[in-house]
Amino acid sequence: DSVNFTPDRRSDVVRAEMIERSGVPSDATILLYAGRISPEKNIGLLVDVMKELAGDTSRDYRLLVAGAGPRSDWLRQQGEKTAPGKIVQLGHLDKETLANYYANADVFIHPNPREPFGIAPLEAMASGVPTVAPNAGGILSYATNENAWLVEPTGKQFADAIREVVSDEQLRNLKVEKALA
């Protein structure tokens, strides 16, 4: 749905609302995950990624989690144990709000290497947000190393890819442009 999911939704007003709603600092690098919080979605990888990024002193990375599910409490507990204050659960977002959040995040993270298709990463890519995902699963039907960051599904590999996204503006713009083509 390239009408709803578009970079045209990028806005200082929406970005400020995201920051206020989530309580993250205004200078934070905002990562976004959208989907069910359940074991089959490989949610543990989100904790591993944030544990890696929590030690980074060059940037303040924060993960906003849009969704709900049976592992919500587990994610909250693990997040506080390994990366205190770095993972913020927003619960379920309506389609309009989610579309706005996609376009105003700095990086979208998709942790599931066994996803049959992956509508969330496709929506993120259509929204013009750089996407980091496993180099496996159904996402490979539309995501390539030309238009996304496809890496091994480990905390370190994802963290390294996220660092590359935020530090290499030229590469980021090139991949986002290809994702939108």
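Below or above, wherever it landed, is the structure these notes cover. (Residues numbered from 1 in each chain as written. Predicted model: local features only at pLDDT ≥ 70, side-chain atom pairs only at ≥ 80, totals over all residues. Heavy atoms only, no water.)

### Considerations on the overall build of the protein chain
When helices and strands are counted, the protein chain shows seven helices and six strands. In the protein chain, the succession of helices and strands from N to C terminus is α-β-α-β-α-β-α-β-α-β-β-α-α. Relative to its length of 181 residues, the protein chain is compact, with a C-alpha radius of gyration of 15 Å against a globular reference of 16 Å. The dimensions of the protein chain, computed from C-alpha atoms along their principal axes, are 40 × 35 × 30 Å. Counting every position in the protein chain, which comprises 181 residues, the buried fraction comes to 52%. When contacts within the protein chain are restricted to residue pairs at least 6 apart in sequence, long-range pairs at least 24 apart make up 69% of them. Counting only carbon and sulfur atoms, one obtains 48% of the accessible surface of the protein chain, whose full area is about 8,300 Å². (Helix = DSSP H or I, 4+ residues; strand = E, 2+ residues; numbered from the N terminus. Rg over C-alpha atoms; globule rule 2.2 N^0.38 Å. Buried < 20%, exposed > 50% of the residue type's maximum accessible area, 1.4 Å probe, protein only. Contact = heavy atoms within 4.5 Å. Areas by Shrake-Rupley, 256 points an atom, 1.4 Å probe, with all protein chains shown as cover.)

### Things to note about a nonpolar patch on the surface
A contiguous nonpolar patch, built from Phe-117, Ile-119 and Leu-122 and spanning about 250 Å² of accessible area, is present on the exposed surface. Residue placement: Ile-119 occurs in helix H5 (residues 119–126). (Patch = residues over 30% accessible without salt bridge, like charges linked within 9 Å, V, L, I, M, F, W, Y side chains within 5 Å. Salt bridge = Lys/Arg side-chain N within 4 Å of Asp/Glu carboxyl O.)

### Digging into the nonpolar core
Judged by nonpolar contacts, the single largest core of 27 residues is most densely connected at Leu-31, Met-50, Leu-53, Leu-63, Ile-109, Val-132 and Ile-162. Looking at this core, the elements that each hand over two or more residues are strand E1 (29–34), helix H2 (44–54), strand E2 (61–66), strand E4 (107–109), strand E6 (149–151) and helix H6 (155–167). Not counting chain neighbours up to four residues away, the residues in contact with Leu-53 comprise Leu-31, Tyr-61, Ala-159, Ile-162 and Arg-163. (Core = buried A, V, L, I, M, F, W, Y, C linked by side-chain atoms within 4.5 Å.)

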